[in-house]
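What follows is each chain in one-letter form.
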Amino acid sequence: MSLRMSPSILNSDFANLSAELAKISSADWAHIDVMDGHFVPNLTLGVPVVESIVAASPLPVDCHLMIDDPDRWAPQYVEAGAGSVTFHAEAAHAPIRLAREIRAMGARAGIAVKPATAIEPYLELLNEFDMILIMTVEPGFGGQKFIEQMMPKVQRTREAVEKSGLDVWIQVDGGISQETIGLAADSGADTFVAGSAVFGAENASAEIAALRNLAAKHSCR
């Protein structure tokens, strides 16, 4: 099973984004958290900034939309150049239609669930998505404590993906560090978002390598 590192730039220095993106060039994706101040209480950035990040990034961009009405807005992030766009199940009015639209535009389509949201309804629809994002914190702010109780949800998702035979990535986001990534990998996650752990490290590239090695060591498959 391939493993992917997707550092979140939420904890980076926004005044020096080109330099911050260069720090994570050894990762697989650059993860961008888009927040609207409504779906979550925080407010970050929108389409024009994402377009600029795409132009400057040495990595493909993975957009996580923590916004209301993604049915309307998600396609604009594909147009901005994002290679992967993930929207929240709790916010989408027509998730299957939206995922199909994102895919038709040439990007990967992901669906995210908050900690309190059941994953089971979406396990019946795996063929409609390229990635399932299981939040391991409440979405909205970086630096939160990892919620270990989400691991059974990750395990159930891994079992469903394996049974389906589909190549659906399982992403975890929130509190991922050297202390927690092994547990997430052992539970079946294969795509890891780490923000403060990477950008708070003295050497971001070395931290990415350490996280990748730990995930590989603990990966259940």
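A. Region of interest: the pattern of salt bridges. All chains considered together, the criterion is met by eight salt bridges. Across the pair Glu 20 and Lys 23 runs a salt bridge whose closest N-O atoms are separated by 2.7 Å. Here Lys 23 and Glu 20 lie together in helix H1 (residues 17–23), a separation of three residues that amounts to about one turn. Assessed through its relative accessible area of 8%, Glu 20 is described here as buried. A salt bridge links Glu 162 to Arg 158; its shortest N-O distance comes to 3.0 Å. Here Glu 162 and its partner Arg 158 are both found in helix H6 (residues 151–164), four residues apart, which amounts to about one turn of the helix. For Glu 162, a relative accessible area of 41% translates into the label partly exposed. Classification of Arg 158 as buried rests on a relative accessible area of 4%.

The rules behind the values
- Residues numbered from 1 in each chain as written.
- Predicted model: local features only at pLDDT ≥ 70, side-chain atom pairs only at ≥ 80, totals over all residues.
- Heavy atoms only, no water.
- Salt bridge = Lys/Arg side-chain N within 4 Å of Asp/Glu carboxyl O.
- Helix = DSSP H or I, 4+ residues; strand = E, 2+ residues; numbered from the N terminus.
- Buried < 20%, exposed > 50% of the residue type's maximum accessible area, 1.4 Å probe, protein only.

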